[in-house]
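# Structural description and commentary
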Amino acid sequence: MLKNIINSFIKIPSTRLFVTAPTASIVTQSSSLSNALERYKSPLVTEPREVWLENLETEETQRLGLMALHPEVFADTPRIDIVQRNVHWQRLYKFVSFAHTKTRAEKRGGGRKPWPQKGTGRARHGSIRSPIFKNGGRCHGPRSPTVHFYMLPFWTRLRGLTSTLSIKLAQDDLHFVNDLEIPTDDSQFIKNLVEKRNWGPSVLIVDDNDIMPQNISIATDSINYVNLMPVYGLNVYSMLKHDTVVFTKAAAERIQEKILFHLNRIDANRLEKKFKLNQ
Amino acid sequence: MASVKHTTEKALQMLRSLPRVCLANIKDNPKAKKPSKRGRGQHGGDWHGNGQKRWTVLRLGYECSNSPFYLRFKYEPYYQGHHLKRQYPPVTLKMLQLLIETNRIDTSRPIDVASLCSTGLINLCPDQKHFGFQLTDEGADCFKSKVNIEVQHASELVIAAIEKNGGVIRTAYYDQHSLHALKDPKKFFEKGVPIPRRMIPPQDAIEYYTNPKNRGYLADPEAVSKERLVLAQKYGYELPKIESDPSYEMLNETKDPRQIFYGLDPGLVISLRDKCFIKAKE
């Protein structure tokens, strides 16, 4: 555990350095993935990223093959500013401020003129609750409830996902497994696995389905720093909150397909049109 | 080559030796966000740029007692009538070839404004005086497709490039209402109104569209055939014979000068739900 905590602060030289050119025997690439890569091929993009496909059945890593990932999704420009805007939005859209102050009208009393306008030698005042008085009302103060909901533009949300995925992959914090089948529902198995593989300590496991296998659901249930998430819930905040993100092969293909679809769709302009302001 | 890298690659390489990006160490670009200013204190929000108290924001360009800048100078008629002239947004041959190669345009059917617009990559705004597309000669050397294309304006080199590959080009006039229908046929059919007749060209465009050199749609077909030969001799290529082409029928397909959609006469109402068209009684 201590080792893991230390690891989260110090980057160990990566395991990805051992990735060599693929040999024919171990390359397993799904047909749908290669179709997607072929369909969205662009001469401007860089080479596809090759990553190891691992297993979860044993505590030690077993490499099952190489997997090619589209560079527009997993090797996009790491825009930290866009990532930050996504995180800020995710924090803010559900935030309601309950800070509240009373105005001069809501304060108790203050209806009477404190002293006559003329003749006392004092400054003229009309109310003891005016904002310049001690214990007076507050002008332009916070009013409860203030909703901070806003919508980040669609393309910023999309670029947030690609940027975060690319950052995670570049920093060796993204791992790919074939499925989530583990032999036992003991949480110690997951703890040992995370420690032996130099993951985490906090791990986000992403599957393409929201009904996860029974063993991993029970095993991770009691560990607060290992969480499961379906791919439709994938978001920038959660990916950054967890040190390591683990995708199943199906989840990786699904998110890649979806992001590539949106990056390349031609009807985006028409769909966005009704949300445009001041045009 | 290995030393030259895309900026993205450099950035990703840099990230490998940097601390892990997490919620605690990210921030926006400096000065990316402009803080909203609110006048505080006794005179907060009193002025709107013109001295004494005004409680509403002044209209754009208003300078209080001065005559506004945008009205201060006389109008110089350099571009008189410019806003009324017909505009033809360009489509290059290179772009057309790319659209064909990426399967966004089907060359087994005649190409017109509808097929160019349906790619979703080219936009036409008839309400902004766009009267269709002009085909320009960029990429004339690498154009390799055999097409039957109808555009609104084309230069001689473009015509030569199309005809050299055994294709057919025709320039045709569409009025703004026809273009609106042709730009998004689905949207137009869903309106449930009869297909209008295409208007004849305005007076200053008739000469262009009756000239066989421009492959105008109102030109004499025999004169057009002759001009095809003349152009082939001028540019020095052998004109492929369309008559013996297996796709002769497609290449020969034309619209009536009063017709907007291929195969649909004016006056028909199209029902997309019942997949039929409704004709007026004789």
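Everything that follows concerns the structure shown earlier in this document.
All of the points below concern the structure found in this document.

So, how was this worked out
- Residues numbered from 1 in each chain as written.
- Chains lettered and ligands numbered in written order.
- Predicted model: local features only at pLDDT ≥ 70, side-chain atom pairs only at ≥ 80, totals over all residues.
- Heavy atoms only, no water.
- Helix = DSSP H or I, 4+ residues; strand = E, 2+ residues; numbered from the N terminus.
- Rg over C-alpha atoms; globule rule 2.2 N^0.38 Å.
- Buried < 20%, exposed > 50% of the residue type's maximum accessible area, 1.4 Å probe, protein only.
- Contact = heavy atoms within 4.5 Å.
- Lys, Arg positive; Asp, Glu negative; His and termini not counted.
- Charge placed at Lys NZ, Arg CZ, Asp CG, Glu CD.
- Phe/Tyr/Trp six-rings, centres within 6.5 Å; stacked < 30°, edge-to-face > 60°.
- Lys NZ or Arg CZ within 6 Å of the ring centre and 35° of its normal.
- Pairing = 2+ DSSP bridges.
- Right-handed = clockwise from strand over helix to strand, strands pointing away.
- Salt bridge = Lys/Arg side-chain N within 4 Å of Asp/Glu carboxyl O.
- Axes fitted to C-alpha atoms, helices over the stretch in contact; angles between N-to-C directions.
- 1 Å grid on protein atoms, 1.4 Å probe; cavity = no way out; pocket = protein on both sides within 12 Å on 5 of 7 lines; lining within 4 Å.
- Points joined across faces, edges and corners; volume = space filled by probe spheres on them.
- Nonpolar A, V, L, I, M, F, W, Y, C, P; charged D, E, K, R; others polar.

Counting its regular elements, chain B contains ten helices and seven strands. Against the compact-globule benchmark of 19 Å for 282 residues, chain B has a radius of gyration of 28 Å, which places it well outside the compact range. Each principal axis of the C-alpha atoms in chain B carries an extent, and together these give about 85 × 60 × 50 Å. The proportion of buried residues among the 282 residues of chain B is 38%. The long-range fraction of contacts in chain B, counting pairs at least 24 apart against all pairs at least 6 apart in sequence, stands at 58%. For chain B, the centre of its 44 positive side-chain charges and the centre of its 32 negative side-chain charges are spaced 13 Å apart.

Here the focus is the packing of aromatic side chains. All names here are of chain B. One pass over the structure, following the stated rule, counts twelve aromatic pairs over all chains. Relative to Phe 73, the ring of Phe 69 has its centre 5.3 Å away and its plane inclined at 80°; by these criteria the two rings are edge-to-face. The residues Phe 69 and Phe 73 share a single accessibility class, namely exposed. When the centroid spacing of 6.1 Å and the interplanar angle of 25° are considered together, the rings of Phe 131 and Tyr 173 count as stacked. Taken together, the residues Phe 131 in the loop between helix 4 (113–117) and strand 2 (134–136) and Tyr 173 in the loop between strand 5 (168–171) and helix 6 (176–183) connect sequence positions 42 residues apart. Assigned by exposure class, Phe 131 and Tyr 173 land together as buried. Every member of this aromatic cluster is reached through a ring pair, and the members are Phe 131, Tyr 173, Tyr 208, Tyr 209 and Tyr 217. Directly above the ring of Tyr 174 sits Arg 198, whose terminal nitrogen or CZ lies 4.1 Å from the centroid. For the cation-ring pair, Lys 255 lies above Tyr 262, with the distance from its terminal atom to the ring centre recorded as 4.8 Å.

It is worth spelling out the pairing of strand 6 (residues 203–207) of chain A at this point. As a general feature of sheets, a regular strand has side chains that alternate between the two faces. Residues and elements named next belong to chain A. Judged by how many residues are buried, strand 6 sits mostly within the fold: five of five residues are covered. Of the pairings in the sheet, the one linking strand 6 to strand 7 (residues 226–230) comprises five bridges and is parallel in character. Bridge assignment links Leu 204 to a residue of strand 7, and that residue is Asn 227. Note that the unit made of strand 6, helix 7 (residues 214–221) and strand 7 has a crossover that is right-handed. When strand 6 meets strand 8 (residues 244–248), the two strands line up parallel, connected through four bridges. Note on strand 8: the bridge partner recorded for Val 203 is Thr 244.

Here we come to the pattern of salt bridges. Summed over all chains, the structure comprises 24 salt bridges over all chains. As a salt-bridge pair, Arg20(B) and Asp173(A) come within 2.9 Å of each other at their nearest N and O atoms. Highlighted residues: Arg20(B) in the loop between helix 1 (7–16) and helix 2 (69–72) and Asp173(A) in the loop between helix 5 (154–170) and strand 5 (174–177), drawn from two different chains. Each member of the pair, Arg20(B) as well as Asp173(A), carries the same accessibility label: buried. A salt bridge links Lys255(B) to Glu150(B); the nearest nitrogen and oxygen atoms lie 3.6 Å apart. You can see Lys255(B) sitting in the loop between helix 10 (248–251) and strand 6 (269–271) and its partner Glu150(B) sitting in strand 3 (residues 148–151), a full 105 residues away along the chain.

Turning to the sheet that holds strand 2 of chain B, a few remarks are in order. All names here are of chain B. Strand order in the open sheet formed by three strands is 1-2-4, and the pairing between neighbours is parallel. The open sheet has two free edges, formed respectively by strand 1 (90–92) and strand 4 (153–154), since each of these has just one partner strand. Both strand 1 and strand 2 contribute to a ladder of three bridges, which runs parallel. Bridge pairing in strand 2 links Thr 92 to Thr 136. Packed onto the sheet, helix 3 (residues 93–101) meets strand 1 and strand 2 and runs at close to 65° relative to strand 1.

Let us now look at the layout of surface pockets. Estimated volume of the largest pocket: approximately 1,100 Å³. If you list the elements that add at least two residues to the lining of the largest pocket, you get helix 10 (268–272) of chain A together with helix 6 and helix 7 (185–191) of chain B. If you tally residues by element for the lining of the largest pocket, the top one is helix 7 of chain B, at six residues. Across the lining of the largest pocket, the residue classes tally to nine nonpolar, eight polar and eleven charged. Counted as a void, the second largest pocket has a volume near 730 Å³.

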